[in-house]
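# Examining the three-dimensional arrangement
Residues per chain are reported as follows:
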Amino acid sequence: MIAIRKILCPVDLSPCADHALAYAAELAEKLSAQLTVLYAVPDVLPMMPDATMPMPIASSDAGELLANGRAALAERLAEAPVSRVNPKSEVRLGSAETEIVEVAKEMAADLIVIGTHGRTGLAHFFLGSVAEKIVRTAPCPVLTVRG
């Protein structure tokens, strides 16, 4: 029997992520699983005028970014239909792909529920797909939820 006791739901505070969060909360409730919601705050800022050249953030800004990320996630969770499962929240500084896999390993997640924007063509080529990268590198099964 496969036991799903720990669910990780990474969010980017988009409507697409909200949809995935609703799935994760429903699964957590039905399976009596612990839900952890992760928000990864990027550790680089785009330089202007060329946004393809990222610039590392100053360490003094990191604390402020994390604090803002915690506040934004708390606000989003207050609005989302997740109170019945009492989710844990986690905010990390770093690339989404790296932090999601790292947290999944640390918490020994049984399932990752992640939203996908469903980009195709040039948008997919240039922006990539966090969900696709997670599916390839995650230590556990991944459920992708299209927005």
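Described in the following lines is the structure provided in the data block. (Residues numbered from 1 in each chain as written. Predicted model: local features only at pLDDT ≥ 70, side-chain atom pairs only at ≥ 80, totals over all residues. Heavy atoms only, no water.)

## Side note on the side chain of Thr36
Of note, Thr36 is situated in strand β2 (residues 34-41). Given the relative accessible area of 8%, Thr36 is considered buried. (Helix = DSSP H or I, 4+ residues; strand = E, 2+ residues; numbered from the N terminus. Buried < 20%, exposed > 50% of the residue type's maximum accessible area, 1.4 Å probe, protein only.)

## Description of the packing of helix α3 (residues 96-107) against helix α5 (residues 130-137)
Viewed as axis vectors pointing N to C, α3 and α5 meet at an angle of 40 degrees, and their least axial separation amounts to 10 Å. Of the two elements, α3 crosses α5, and the hand of that crossing is right-handed. Within the contact between the two elements, α3 uses Ala96, Glu97, Ile100 and Val101 and α5 uses Val130, Lys133, Ile134 and Thr137. Tallied by class, the residues present in the contact of α3 with α5 amount to 5 nonpolar, 1 polar and 2 charged. (Axes fitted to C-alpha atoms, helices over the stretch in contact; angles between N-to-C directions. Left-handed = near helix turned anticlockwise from the far one by under 90°. Contact = heavy atoms within 4.5 Å. Nonpolar A, V, L, I, M, F, W, Y, C, P; charged D, E, K, R; others polar.)

## Some points on the sheet that holds β2
Strand order in the open sheet formed by 5 strands is β5-β2-β1-β6-β7, with parallel pairing between adjacent strands. Edge positions in the sheet fall to β5 (88-93) and β7 (142-146), since each has one partner strand and no second. The sheet shows a mean angle of 25 degrees between the axes of neighbouring strands, taken without regard to direction. Pairing of strand β1 (residues 6-11) with β2 involves 6 bridges; the strand directions are parallel. When the bridges of β2 are listed, Val11 appears paired with Tyr39. Each of β1, β2, β5 and β6 (111-116) touches α3; the most contacted strand, β1, lies at about 165 degrees to it. Along the sheet, α5 contacts β6 and β7; its crossing angle with β6, the most-contacted strand, is approximately 155 degrees. (Pairing = 2+ DSSP bridges.)

## Some remarks on the nonpolar core
Judged by nonpolar contacts, the single largest core of 25 residues is most densely connected at Ile7, Val11, Leu21, Leu35 and Leu73. The contact partners of Leu73, leaving out residues within four places of it in the chain, are Val11, Leu13, Val37, Tyr39, Ser89, Glu90 and Val91. Judged by nonpolar contacts, the second largest core, of 14 residues, contains Leu38, Ile100, Ala131 and Cys140. (Core = buried A, V, L, I, M, F, W, Y, C linked by side-chain atoms within 4.5 Å.)

## Thoughts on the environment of Leu27
Relative to the helices and strands, Leu27 resides in helix α1 (residues 15-31). Relative accessible area serves as the criterion here: at 26%, Leu27 is assigned to the partly exposed category. If we ignore the near neighbours within four places in the chain, the residues touching Leu27 are Ile7, Leu111, Val113 and Leu143.

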